[in-house]
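Working through the structure, step by step
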Amino acid sequence: RLNRLVTDLLDLSRIRSGAIPLEIELNTAEDLVGAMLQRLGALAGPDRIEVTLPSDGRLPVGRFDFVHALRALGNLVENALRHAGPGESVRLVVTEDSDELVFRVLDRGPGIPKGDEERIFRPFHRAAGGGEQLGTGLGLAIARSVAEAQGGSVSYRPRPGGGSVFELRLPGATIDPDAPTRSRDSL
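Residues numbered from 1 in each chain as written. Predicted model: local features only at pLDDT ≥ 70, side-chain atom pairs only at ≥ 80, totals over all residues. Heavy atoms only, no water.

**Side note on the environment of T28**
Structurally, T28 is set in strand 1 (residues 24-28). C-alpha of T28 to C-alpha of L59: the two residues are 31 residues apart in sequence and 6.8 Å apart in space. Setting aside residues up to four positions removed in sequence, T28 forms contacts with L59, P60, V61 and F64. There is a polar contact of 3.0 Å between the side chain of T28 and the backbone nitrogen of D31. (Helix = DSSP H or I, 4+ residues; strand = E, 2+ residues; numbered from the N terminus. Contact = heavy atoms within 4.5 Å. Polar contact = N/O pair within 3.5 Å; in protein donor to acceptor, adjacent residues only side chain to side chain.)

**Description of helix 2 (residues 29-44)**
Along its 16 residues, helix 2 runs just 20 Å from first to last C-alpha, ending more than 12% under the 22 Å computed at 1.5 Å per residue. Restricting attention to buried positions, one finds in helix 2 the residues A29, L32, V33, A35, M36, L40 and A44. Immediately beyond the C-terminal end of helix 2, within one or two residues, lies G45, with a positive phi of roughly 80°. (Expected span 1.5 Å × (residues − 1). Buried < 20%, exposed > 50% of the residue type's maximum accessible area, 1.4 Å probe, protein only.)

**Notes on the pairing of strand 5 (residues 100-107)**
Most of strand 5 sits inside the fold, with seven of its eight residues counted as buried. Pairing of strand 4 (residues 90-97) with strand 5, which is carried by seven bridges, proceeds in the antiparallel orientation. Paired with V93 across the two strands is R104, which belongs to strand 5. Turn length for the strand 4-strand 5 hairpin, with the two strands adjacent in sequence and antiparallel, is two residues, and the turn residue S98 shows positive phi of about 55°. (Pairing = 2+ DSSP bridges.)

Put into structure tokens, the structure is as follows:
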């Protein structure tokens, strides 16, 4: 736990000072979600993360750093799993909004007390009533900082009926369907 705390502190410092190298590339939302599911599979267990991707047959694509976007999305989903309660699932809904990819992470946890909506993104801040206090208190600060470094954002709003909605927005991209493409697997 101490190792993770030190690593998170160093990473947050680098991110905020602009000292992290970014490899902005075309990536698909599906690849990002798949990598996140693989990373959090042991923590989540079977069927705890419900994923909804666009069903219109299009493949949502963005222009972002895959590794850092994975960290931001993973932090949001891990946080939601931690606060959702035992046996409760977390929803991840991927959409496109204008020129952005949008990843919404929804849980039915205790939510965030009024007045803490922005404070939760500060290092070491933990919302009151959040139940068992696990983690370093840096995950949301890192997620927001990493997203902003790429031209994106992370925000919070209460979920109707109780719980939280965290939204990761990353720059979207349009690709020419006639242009040759390579998948991450072929790289």
